[in-house]
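As a plain string of letters, each chain reads:
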Amino acid sequence: MHHFHLKNGSLQVEGLSVSSLAQKHGTPLYIYSQTTLENHFDRLDQALAPLDHVICFATKSNCNLSVLRTFAKKGSGFDVTSAGELYRVLKAGADPQKISFVGVGKTEAEIAYGLKSNVYTFIVESEPELHQINAIAKKLKKRAPIAFRVNPNVDAKTHAKITTGTYANKFGIAFEEIEPLYARASKLSNIEIRGVQMHIGSQITDVKPFVLAVKKMIPLVQTLKSKYGIQFFDIGGGMGIIYKEALASGTPQWWKKNKKVLHPALYAKELLPLLKPLGLRIVVEPGRYMVGNAGILIAETLYIKKTGKKNFVIVDTAMTELIRPTLYESYHEIVPVNKITGKEISSDVVGPVCESGDYFAKDRMLAPYKKGDLMALMSAGAYGFVMASNYNARPRPAEILVKGKKAIVARKRETIQDLLRGEV
Ligand code: LLP
C-alpha cells in the first residue's frame, strides 16, 4: 500500500499534486510519502507484535536523514553497513541499542566507531573479522557484542545480483562451519556472543524461501541459545514489493484481488509459529519493503526521437539517478504525471548519459509522451537515490518528503559548483 494516486488523471502524493511539486522544485526529483513510510513500519510492527522484536531498517536502501528520522521517531532500529550510515542514523536520533552493524568488510576505523557508539551488535562475516573486532575491543577496553551471519544455503530465487544466501556468494559463514566458530569465539576475552543472523537475499516475493531458511536454522539457534545464551535471532530483510502494478497496488481493492502477494501479515502468519517457541528476540532488517513503494522519481520529457524502428522518449533523468533498470534489468512502472491522451505507442525511455545502458524501459507500450510531459518512475524509494552518482558530471537531484499537504525539501538539489568540492 502507498499514498500515490490519480485524481482526475493527475498524479497526487498524499494531499499534493506531483506536477506542482515538480514545477516548484524542478526535475529530476525524488518524492517520498511520509505517511507510506510510517504505515509500512506500523504494519510490520503490528504483524510481529506477538514476538519480542526489533525492526532494524536497512539504511542502505534509503539513507536520507528525514527518512531515517521518520523511522527513528517510530522507534525503529537500524541496520548499518558503513561508518557513513552509522553517522547518519545517529544524527537522525537512532537508539544505539537498536543498531546492528553489518557488512563483510568493516575497516578498523569502522569497528572502533561502532564500539564507541555502543551499537547493539556487530554482525560478523568471517573469522579474521572476529579477531580484528576482539583486538580493537581489547585496545578500547570494551567487550564487543557480536552475532555471526550464517549462510543457510537456501536459494531465494531472486535476481543473481541480489541473492545472498547460497555458497556461491561472499556473504556469511557456511552452515556446517558455524558451531565450532561459536566455540572459538566464546573463548575470546573481549567478545560477547549476543545472537545469530541470516539474510538470504532481496526482492523475495514468496514466503517459502524465508520459511525454508528459518526451519533450517532452528536447531542451530536452539543449540546456540542453550550453549551460549544468545539473546536474538536476526532473520534479515528481503521482503519483496510490487513493481509491475505499482500504482494500482496503492488501493485495498488491488490487495483483495491479489491475496497471495507477500505482505507483513502473510510473512508473520508463516513465520510466527516457527519463531515464537524459540523464546528469543527476533530482529528483522527490511529495506525495500519499508521505502520502495514510498518513493517516486519524476522526469521531464526533453525530446521525442524517432528512428527507423524506435520511438525514443528522451527524459532529463538518467541511470545516474536510478540505476536499477540497467543494473538488474528491473522493471519500474512509468506513469504520466498529467493525463496524456492518444493511443499508446511502443517506446524506449532513455536518459541523457552517454551509455546505451542508460534506459528505464525498452519497447514498452506507453502513452504518447511529448516534449514537456512529466513522467513518474514508480517504486523508486529503495536503492534509488542512494545508488545515484555524479557520472557525466550530473548533480544529484533534490529529495522531497510529503506529509498530507506539507512538503519539505529533505535534500537540496546539488549544483554544478557542488561537484567541484574537494578538487584542486
Ligand atoms: N540486511 C542485509 C544484511 C542486506 O544485505 C540487505 C540488502 C538488507 C538487509 C535489506 O534487504 P531488503 O529488505 O531491502 O531486500 N540494490 C539492490 C538491492 C541490494 C540489497 C543489498 N542488501 C536493488 O536495487 O535491488
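Everything below is about the structure shown above.
Just so it is clear, the structure is predicted and the values come from calculations on it, not from any experiment. (Residues numbered from 1 in each chain as written. Predicted model: local features only at pLDDT ≥ 70, side-chain atom pairs only at ≥ 80, totals over all residues. Heavy atoms only, no water.)

Q: Just checking my understanding: could you explain the overall build of the protein for this structure?
A: When you go through the protein residue by residue, the secondary structure sums to twelve helices and 21 strands. Over its C-alpha trace the protein gives a radius of gyration of 22 Å, about what one expects of a compact globule, namely 22 Å for 424 residues. C-alpha extents for the protein along the principal axes are approximately 70 × 60 × 40 Å. Within the span of the protein, comprising 424 residues, buried residues form 57% of the whole. Put simply, of all contacts in the protein between residues at least 6 apart along the chain, 70% involve residues at least 24 apart. Each charge class in the protein was averaged separately, 58 positive and 38 negative side chains, and the resulting centres sit 4 Å apart. (Helix = DSSP H or I, 4+ residues; strand = E, 2+ residues; numbered from the N terminus. Rg over C-alpha atoms; globule rule 2.2 N^0.38 Å. Buried < 20%, exposed > 50% of the residue type's maximum accessible area, 1.4 Å probe, protein only. Contact = heavy atoms within 4.5 Å. Lys, Arg positive; Asp, Glu negative; His and termini not counted. Charge placed at Lys NZ, Arg CZ, Asp CG, Glu CD.)

Q: Help me out: how do you make sense of unusual backbone geometry in this one?
A: For residues that are not glycine, phi is negative in most cases, and the peptide bond is trans in most cases. Omega for the peptide link from T27 to P28 comes to -10°, which places this bond in the cis form. Topologically, P28 is positioned in the loop between α1 (18–25) and β4 (29–33).

Q: Sorry, what's going on with empty space enclosed by the protein here?
A: By rolling a water-sized probe across the atoms, one finds the places where empty space is left. This model, assessed by the stated rule, comprises one cavity of 30 Å³ or more. Around the largest cavity, the lining residues are L44, G236, G237, G238, M239, Y267, V284 and P286. Here the residues of the lining of the largest cavity sort into five nonpolar, three polar and no charged. (1 Å grid on protein atoms, 1.4 Å probe; cavity = no way out; pocket = protein on both sides within 12 Å on 5 of 7 lines; lining within 4 Å. Points joined across faces, edges and corners; volume = space filled by probe spheres on them. Nonpolar A, V, L, I, M, F, W, Y, C, P; charged D, E, K, R; others polar.)

Q: So what exactly am I meant to see when it comes to the packing of aromatic side chains here?
A: For any pair of aromatic rings, the description consists of the separation of the ring centres together with the inter-plane angle of the planes. Tallied over the entire structure, the rule returns ten aromatic pairs. Seen in terms of ring centroids, Y30 and Y32 are 6.2 Å apart; in terms of plane orientation they differ by 25°. Their pairing is stacked. Look at F57 and F78: their rings are 6.4 Å apart centre to centre, the planes differ by 80°, and that puts the pair in the edge-to-face class. Taken together, the residues span a long stretch of sequence, with F57 in strand β5 (residues 53–58) and F78 in strand β6 (residues 77–80) at a distance of 21 residues. Residue classification places F57 among the buried positions, given a relative accessible area of 0%. (Phe/Tyr/Trp six-rings, centres within 6.5 Å; stacked < 30°, edge-to-face > 60°.)

Q: What exactly am I supposed to notice about the site of the ligand here?
A: By nearness alone, 19 residues border the ligand, and S202, E285, R324, Y328 and Y383 come closest of all. Between the ligand and R288 there is a distance of 2.8 Å, counted from an oxygen atom to a backbone nitrogen or oxygen. At a separation of 2.6 Å, an oxygen atom of the ligand approaches a polar side-chain atom of Y383. Considering the ligand on its own, with 590 Å² of exposed area, one finds that the protein chains cover 92% of that surface. Of the residues that constitute the shell around the ligand, the class distribution is six nonpolar, seven polar and six charged. (Near = heavy atom within 4 Å. Polar contact = N/O pair within 3.5 Å; in protein donor to acceptor, adjacent residues only side chain to side chain. Areas by Shrake-Rupley, 256 points an atom, 1.4 Å probe, with all protein chains shown as cover.)

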